[in-house]
Amino acid sequence: MSHHLYLLSPSDTPLYSLTHYSSKPAQTTTTSPLASNLPSWSTSAFAGTLTALSGATSATQAHHVQGGTVRIGGGQDRHVIQMIANASLDVVEEVVRKDNMMYLKSVDKFNEWTVSAFVTPGNMKFVLLHEARNDDGIKSFFHEVWELYVKTMLNPFHTAHTPIRSPVFDARVRASAKKYL
Amino acid sequence: MDPPAFASLAHVRIILLPVGNIRRSTFDQWASEVRSIESIPLGDIPAESKDERARFMPSPLASGHVHLSYQSHPPAAAHNALALFRPSDFPLGLVGIASCSHADSLPTIQASFKSAVKDMSLHKAAFPVSQNCFVFEEHDANLDLGDKFPGLVVIPSMMANKHVHISTLLAGLCSHILGDFATVMQSLESPLGNEYLNASLFPSLPSASEMPRSLDPEIPQRDSLPPLPSYNSQPDLSTNGSARSKTPAASKRMSTGPGLVPSRTASLPTTPVTAKKRPNLLGAASSHGRLFKVLADLFLLAGRHADSQIWYSEAIALFKGSPHDTSWHAAALEGLATIPVIEAWSSGSATANGADEKEPWQDIVDKLTQATALYHKSTPNSEHERTYPLLAYLYSQSVIRHTSLLFAVWSAKGWGPHAFGKLIQPGTTPYLPSSTASSSTDHNGVTITVVNGRTKASYAELERLTTITGITRTQIATTLSQVHGPWLLHLAARERIGILQTVAGMFGALGYLRKEAYILRELLGSIMDLIVCGREESGGARPNGAGLGIRGAPVGNASTTAGTVGVRENPRLEGNESMLRIIKHICRVHGVDIESVKLVDIGAIAATSNGDAADDAEEEDLDDSPQDPFGWPELQIGIIREAIAVAEALPDYPSVAQFSLSSLKSLHPVMSHSDQVHLYHTATRALTTAIRRGDRRTVEYWAGKPIVSIEVLSLPLIRLPIEKPLSLLAKANDQSGVDTILTGVKDPFLYNPRKVASGQTQSILVQNERFEVVMTLRNPFVFDLQLESLALSTSGVRIESEAMPITIPANTYHPVTMTGKAAEPGTLTIRGCVVQAPGGLPREYILPLSTEEEEETRSRRRSAIESEVGRAKYAGLESRPWKRMSKRDSKQVSKKQPLRFLECKVVPEQPLLRIRRTSLTHAAVMLYNGETSTIRLTLENVSSLTIDFVRITFDDSTIAPAQQILAEGELSVFETYETEYDLIHRPVFTWDAGREASRVDPGEKASVAVKCFGKVGCTSGAIHVSYAYINRHHETLKEKPPDVFHTRQLSYPVVVTVYHMLECHSMDISPYSRITAFASTTEEDDDSPAGKARRALFDVEDVADWCLFSVDVRNTYGSPFEVTFERRMHNHRAMTTAHMTTTVLVPPGSTTRIVLPIRKILLTEEQTSKPIPTLSDRQFVVVKSNLSSAEEKAQRELFWYREELFKTVQGRWRETGGMRSGELSLRQQRMTQPMLEALRTETARVQMSLVRYEDEVAMPVDVDPSGSKYLPPPNEFVYMRTKVTNLAPAELVLVANLALEPAQHTIYQGVLTGIPMGRLAPGESYETELPVAFLSRGRFDVSAEIRALNVSDTTSPVGRGDLRAVVEADFS
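Quick caveat, the model's predicted, so the values are computed rather than measured.

**A closer look at the overall build of chain A**
Turning to step 1, where the next piece is worked out: Each helix and strand counted, chain A has 5 helices and 5 strands in total.
Turning to step 2, where the next piece is worked out: Written out in order from the N terminus, the α and β elements of chain A read β-β-α-α-α-β-β-β-α-α.
Turning to step 3, where the next piece is worked out: Sorting the 181 residues of chain A into buried and exposed places 52% on the buried side.
Turning to step 4, where the next piece is worked out: When contacts within chain A are restricted to residue pairs at least 6 apart in sequence, long-range pairs at least 24 apart make up 59% of them.
Turning to step 5, where the next piece is worked out: Counting only carbon and sulfur atoms, one obtains 55% of the accessible surface of chain A, whose full area is about 8100 Å².

Spelled out as structure tokens, the structure:
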């Protein structure tokens, strides 16, 4: 079961991203029977785009690997996940404008992914793609990441648009992810 | 493909078909006429009399409508299996539209209508299709149809209200259709029919042979309405017997799975529920749920909602227990959900449902949610795989139906007639509240609707809808997202495109641009896949393959030799444009302006340079200032790649180039190297291809402003013309130019504003001569940027300059030198450069000189941008770069100012001179100090113009330091004079201007002799030859002669080596006493010529008039020199003794003292009291010395007497045994006060002598041989005679003071001091005598001091005399 975390700047640029493979067993998500038995109908490159974007590759892979942890692999899928994270900003923006909550739980669903988000007062958006429900864990996780982020922002040379490359930050976020996700 | 309406389940589909030779416009006109009839009231439908067929007929006076929807295509054959499941998806009626002007063409129309119907292969469908053909008359054709042509209805052009007529005809058609429903239902109601119905998930009616025969005979008898003869498709099935029609049906099934007939027995046991339940009505083996559902569907179509609702409920009750009927269950729910909407529409009011606490649509939504969930989990477990696409299709339809309900209510501002209208007849662009949609149809017949991003509804508007309706956008989006999933792959291309299009449209309308972009990418993928695959299949022979371009000759093409000739097919481009629009939209959403490089039609290149200036500045600002990045670089690059792939596949090569280059331009900071290189190569390739194909479009220049600086290389010194005012010429002739040498070019003003202005004067170029311009170009990319041409952009005078191709290395600043030639004199303005990338358009980039103000504005602007960096006022899509800029720009109004550019002055053609040869080797001259030699330069005029002005100036290494010292002004007046004298009177180089020819004709030579004077400390020098062509020939008299002329300068540097070999030092001047004169004339009496000369030298008539000049000359060099000192005296009486020389050989390393008697000098008071002159005309010479007036007087005397001395005594040297000679300067010697005293002629000369009177006769006392000592007798009175002569030019009143030493041994008579001499006129003398007796043996010194009483300064004596007496005689 994997999680994908993106820290997005106000201008939608990812400053930090993390892919976390949870050790917890994947919940038996009810996949539609419609998603199985997909035809391999075309071999053109454009069909590949469609296949990837519709989430078909991960479904078929899931079929082959039998729900193993290594589900997300190739660059294409990575791209799709980024697309989903980006697309979910539409909803996040709207919700944020109306509610002043920071933690937006399960704000969006797309393909098999659920998107939870956390919006800091500085309009940084933490976007987490996950598959299973884990509201409390995700909330705690977001709060820890926020704290870490605030510590990073204390650096006077760090602007809202500077990518975070600090290994300490990375290690701590990973530890936090291990703890909660 | 129109998106399905919410209420599509209640729509009777009718296909509109063009028949015969009908023009498109005509067809469209009539079709829209037909389409405008969207529903037919039930009351208008003629009832069928027969009982069987009357089953679905509306009851009389029933309210309600039959809703019609019109299609132009039959559904995909793959969906035929859904015929019974969803009858509303299938055409139930067919209307042909023909136009006719002659009666005799009617048979043709009928025939073509029949064949068209046959082509539609509608007979495969489960439902009979009612057909009719409307023939619209043209031009009063007055057709009389009669009954000859069944199936054709002629609508005369005369008819006034066609609308009513058509709707009547359609009502008839509907009646027919409803009649057919009964027929179908009848066959299903049989046990066998029910078995068929339950046979598989999506059953189809069995082939005709297996149907009960009883239905068949009725078919031909249906034509009860004469004007509307129904033409049923079923006769094909029924009349043609079993064998023929069974075969295709069977073979079709065989290809996909087990045939129906064998599988029937096999599948029946799998439905245990149906097996157990005994039929109560018809005795079929299976449950009747499906039957009821079909019945309800048909009732829904027929507009009988109450019946429909009953049967749906019945069906649902039966479906609930059956796991195999989940999709039927879902479909029934969908049908049930449709009914309230239609009823609400019919009643036309929103208040039908009065429940306040619950939204009126909530019930429908619940049903639909349930339906969606049921579809989602329905499993086609044992079914063959054809059901997957159908299930996926039904699922998607269900989700979209669900969403469209929410959406319609949301966008129509609530549950009301507007919303119902949208739900039932959505129109072509249902997802756009305003009419800002731009839709186009691509080659697949797919209408693509792109919401125009700029005019989309604002957040407030969208939010208002939410507030009114209580439906949030998120809610709609969440519902809509359900449609998206892997199952999309199950769908056939057409359905998928349709669904994606709908989804994208909805997201767009919701303002969810990112999600829209996501879906649009999939949509693109689907469409492009079709294009690519279609091309691969079709080969070269497909005539209407859209987007096909040149391709290599395919193998199968027999007309060309394989592989050698490209076949160009005629590409259809209609669809391409919209594909590209989608791409551009996607890219914009992701923050990539993929159109930042414009495509320009080559034919339409107009003057583009007007607006460029502002753009440049803008662009520069953008480039310079740091910018917040927008967007997700990884995604952006992925999307760009896709965009390029799409453009390549279409193919649209200019767009490929445009996309690649635009993204390079805007994204290169975040791109990896390989990406940049790849994009660049792609663009280059695409442009090449586009050009080869003769595409009219090409890209403008894209690579940003390449030019950083531009600079005119000044001409080489020998070619550089120097501007001089013509007035200088007149002055120059009589001025020696000394001044400039002395002071340098010195500005009298500390701050000269003109000079500052002239500091940045335009550089000067010469007509018809090449000049060079250095441009610094920048390449911010990681690849070598190739420019097809780089040219100067100039205005003003005409120049000849060639554009050149250039490659700027990666990531560097690259200087480029360009040459040009001005063709005429005048002012040349260099605006900038014109660059052109390969295959692109040229573009001018100007580089204005920035004024201070502009600079300030720019920096302010930049700082404004900088201060915004890092702050995020606008987040998300609002912060896309172009949005940000537009927001900022609105606040700043920039003033437009005329731009200034680099300007050069082009002067008329100038002659050119060169040094042909010189007399020097290696341009070096070796001199002894003081030596003078001649340098000869030969100049040649290599131009075609005459040189009529030549002037030579010089420079050497001693001038600058001396000038500097002078400029510092720290020197005393005396030293200043010395330095100035050195500069003026002893220059290293001199040239006699008068002797040389100053005209050099073209091709001629002239020689110039320059004298070179050896001066210690000089190491190098330069000879500058300035020349010009002044007296030009002017073409016209009108032309005003210029008041300036231009000179060119030729410089010849000379290395000067000066050996310092003779040194003069310790100059001294001593009184020439009698004893020295005696000694020098007498002690050597050799008869050598040198001795004689010496004697002659020292032989002077009056010793008192002379003094001795002596100086040490040291030879520090390695060879001996002869040194000659010469005295020359002017205005003296005895010319013989005036000119005398003394010559001494000074051996190497030794010092020789040279002694020369010179006559004393007397300078008048006026002369000596003059201040020390300055040789320059320096103004404001402030006397800095703080000497007293006496000291100053003394200094002036010293100065003037020294000057006089140097006039008198001159030294020369000659190389022993050599030819070289030169002068020896005494200028370094200082003069002291004693020397001055010795040199100066006394004011009053005192001559003292001792006389003895014997018998009143004066006898001189004995004098020793040298004449210097008197030998008076002791103890005896002698007279000491003192004669004073006034040598001064004025009268003097003199007093003498005498002193005797030792005074105690003398006796004298009278007084020693204050002896009056009286008033003496000039030249007059006075004698006085003093008796003195010397009382002891020894030496006595007598001195006399004369003081003048009538001069102001009485302290110092005006004359001195002395006398020495030696008393030797013994006292006895």
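Now that the structure is up, let's keep going.
**A look at the overall build of chain B**
Turning to step 1, where the next piece is worked out: Along chain B, the regular secondary structure elements total 36 helices and 48 strands.
Turning to step 2, where the next piece is worked out: For chain B, the residues scored as buried account for 50% of the 1372 residues in total.
Turning to step 3, where the next piece is worked out: Of the contacts made within chain B by residues no fewer than 6 positions apart, 78% connect residues no fewer than 24 positions apart.
Turning to step 4, where the next piece is worked out: Per element, the accessible surface of chain B, about 63400 Å² overall, is 53% carbon and sulfur.

**Focus: the packing of aromatic side chains**
Turning to step 1, where the next piece is worked out: In the structure shown here, the tally under the stated rule is 31 aromatic pairs over all chains.
Turning to step 2, where the next piece is worked out: Between B:Tyr928 and B:Phe1121, the aromatic rings sit 5.4 Å apart at their centres with planes inclined by 80 degrees, giving edge-to-face as the arrangement. Placement of the pair is B:Tyr928 in strand β25 (residues 924–928) and B:Phe1121 in strand β34 (residues 1121–1127), with a sequence separation of 193 residues.
Turning to step 3, where the next piece is worked out: By relative accessible area, B:Phe1121 is classed as buried at 0%.
Turning to step 4, where the next piece is worked out: Ring centres of B:Phe954 and B:Phe989 lie 5.6 Å apart, and the angle between their planes is 20 degrees; on these two criteria the pair is classed as stacked. Taken together, the positions of B:Phe954 in strand β27 (residues 949–956) and B:Phe989 in strand β28 (residues 989–991) put the pair 35 residues apart, joining distant regions of the chain.
Turning to step 5, where the next piece is worked out: A residue is classified by how much of its surface remains accessible, and B:Phe954, at 17% relative accessible area, is buried.
Turning to step 6, where the next piece is worked out: Since its relative accessible area comes to 3%, B:Phe989 is described here as buried.
Turning to step 7, where the next piece is worked out: Chaining the aromatic ring pairs together yields one cluster made of A:Tyr103, A:Phe118, A:Phe126, A:Phe141, A:Phe142, A:Trp146 and A:Tyr149.
Turning to step 8, where the next piece is worked out: The aromatic ring of B:Phe85 is capped on one face by B:Lys293, whose charged end is 4.5 Å from the ring centroid.
Turning to step 9, where the next piece is worked out: Looking at B:Arg1227, its charged tip hangs above the ring of B:Tyr981, at a distance of 3.6 Å from the centre.

**Observations regarding the packing of helix α16 (residues 473–481) of chain B against helix α17 (residues 493–510) of chain B**
Residue and element names in this part refer to chain B.
Turning to step 1, where the next piece is worked out: At a closest axis distance of 10 Å, the pairing of α16 and α17 adopts a crossing angle of 165 degrees. Relative to α17, the element α16 lies roughly antiparallel. The chirality of how α16 crosses α17 is left-handed. The segment α16 lies against α17, with Arg473, Ile476, Ala477, Leu480 and Ser481 engaging Val503, Met506, Phe507 and Leu510.

**Examining the sheet that holds strand β5 (residues 125–130) of chain A**
The strands that make up a sheet are held in pairs by hydrogen bonds between backbone atoms, and each pair lies either parallel or antiparallel.
All names here are of chain A.
Turning to step 1, where the next piece is worked out: With antiparallel pairing, 5 strands are arranged side by side in an open sheet as β2-β1-β5-β4-β3. Looking at which strands have only one partner, the edges of the open sheet turn out to be β2 (14–21) and β3 (103–110). When strand polarity is set aside, the average angle formed by the axes of neighbouring strands in this sheet is 20 degrees.
Turning to step 2, where the next piece is worked out: Pairing between strand β4 (residues 113–119) and β5: 6 bridges, direction antiparallel.

**Brief notes about the interface of chain A and chain B**
Turning to step 1, where the next piece is worked out: Counting from both sides, the interface comprises 56 residues of chain A and, opposite them, 62 residues of chain B.
Turning to step 2, where the next piece is worked out: Buried surface at the junction of chain A and chain B, summed over both partners, amounts to about 4900 Å²; 63% is from carbon and sulfur atoms.
Turning to step 3, where the next piece is worked out: Connecting chain A to chain B are 7 salt bridges.
Turning to step 4, where the next piece is worked out: Close ionic contact of B:Arg514 with A:Asp12 constitutes a salt bridge, the shortest N to O distance being 2.8 Å.
Turning to step 5, where the next piece is worked out: Taken together, the links from chain A to chain B amount to 15 residue pairs in polar contact (both at pLDDT 80 or more).
Turning to step 6, where the next piece is worked out: Those elements that place two or more of their residues in the side of chain A that touches chain B are β1 (2–8), α1 (45–53), α2 (56–65), α3 (75–98) and β3 of chain A.
Turning to step 7, where the next piece is worked out: Of the residues forming the side of chain A that touches chain B, the biggest block, 18 residues, is contributed by α3(A).
Turning to step 8, where the next piece is worked out: Per-class residue counts for the side of chain A that touches chain B are 27 nonpolar, 19 polar and 10 charged.

**Overview of the packing of helix α13 (residues 387–411) of chain B against α16(B)**
Describing two packed helices takes the angle between their axes plus the distance from one axis to the other.
Residue and element names in this part refer to chain B.
Turning to step 1, where the next piece is worked out: For the pair α13 and α16, the least separation of the axes is 9 Å and the interaxial angle reads 165 degrees. Between α13 and α16, the angle is such that the two are roughly antiparallel. Between α13 and α16 lies a crossing of left-handed hand. Contacts from Val399, His402, Thr403, Leu406, Phe407 and Trp410 of α13 reach α16 at Arg473, Gln475, Ile476, Thr479 and Leu480.
Turning to step 2, where the next piece is worked out: Tallied by class, the residues present in the contact of α13 with α16 amount to 6 nonpolar, 4 polar and 1 charged.

**Quick look at empty space enclosed by the protein**
Residue and element names in this part refer to chain B.
Turning to step 1, where the next piece is worked out: For the structure on display, the rule yields 10 cavities of 30 Å³ or more.
Turning to step 2, where the next piece is worked out: Lining the second largest cavity we find Leu661, Tyr680, Ala683, Thr684, Leu687, Trp702, Gln786, Ala837 and Pro838.
Turning to step 3, where the next piece is worked out: Top contributing element to the lining of the second largest cavity by residue count: helix α23 (residues 673–692), with 4 residues.
Turning to step 4, where the next piece is worked out: Split by residue class, the lining of the second largest cavity holds 7 nonpolar, 2 polar and no charged.

**Describing the pattern of salt bridges**
Pairs can form between side chains of opposite charge whenever their charged atoms are close.
Turning to step 1, where the next piece is worked out: Overall, the coordinates contain 47 salt bridges over all chains when judged by the stated rule.
Turning to step 2, where the next piece is worked out: Linking A:Asp108 and B:Lys515 is a salt bridge whose minimum nitrogen-to-oxygen distance equals 2.3 Å. Within this pair, whereas A:Asp108 is found in strand β3, its partner B:Lys515 is found in helix α18 (residues 513–538), the two belonging to separate chains.
Turning to step 3, where the next piece is worked out: Taking relative accessible area as the criterion, A:Asp108 reaches 2% and is therefore assigned buried.
Turning to step 4, where the next piece is worked out: Take B:Lys515: its relative accessible area is 0%, and that puts it in the buried class.
Turning to step 5, where the next piece is worked out: Between A:Glu147 and A:Lys151 there is a salt bridge whose closest N-O contact spans 3.9 Å. Remark: A:Lys151 and A:Glu147 occur in helix α4 (residues 135–153); sequence separation between them is 4 residues, near one turn of the helix.
Turning to step 6, where the next piece is worked out: Judged by its relative accessible area of 46%, A:Lys151 falls in the partly exposed class.

Cut-offs used in this document
- Residues numbered from 1 in each chain as written.
- Chains lettered and ligands numbered in written order.
- Predicted model: local features only at pLDDT ≥ 70, side-chain atom pairs only at ≥ 80, totals over all residues.
- Heavy atoms only, no water.
- Helix = DSSP H or I, 4+ residues; strand = E, 2+ residues; numbered from the N terminus.
- Buried < 20%, exposed > 50% of the residue type's maximum accessible area, 1.4 Å probe, protein only.
- Contact = heavy atoms within 4.5 Å.
- Areas by Shrake-Rupley, 256 points an atom, 1.4 Å probe, with all protein chains shown as cover.
- Phe/Tyr/Trp six-rings, centres within 6.5 Å; stacked < 30°, edge-to-face > 60°.
- Lys NZ or Arg CZ within 6 Å of the ring centre and 35° of its normal.
- Axes fitted to C-alpha atoms, helices over the stretch in contact; angles between N-to-C directions.
- Parallel < 35°, antiparallel > 145°, perpendicular 65-115°, else oblique.
- Left-handed = near helix turned anticlockwise from the far one by under 90°.
- Pairing = 2+ DSSP bridges.
- Buried area = accessible area lost by both parts, 1.4 Å probe.
- Salt bridge = Lys/Arg side-chain N within 4 Å of Asp/Glu carboxyl O.
- Polar contact = N/O pair within 3.5 Å; in protein donor to acceptor, adjacent residues only side chain to side chain.
- Nonpolar A, V, L, I, M, F, W, Y, C, P; charged D, E, K, R; others polar.
- 1 Å grid on protein atoms, 1.4 Å probe; cavity = no way out; pocket = protein on both sides within 12 Å on 5 of 7 lines; lining within 4 Å.
- Points joined across faces, edges and corners; volume = space filled by probe spheres on them.

That's the geometry; what it means functionally is another story.
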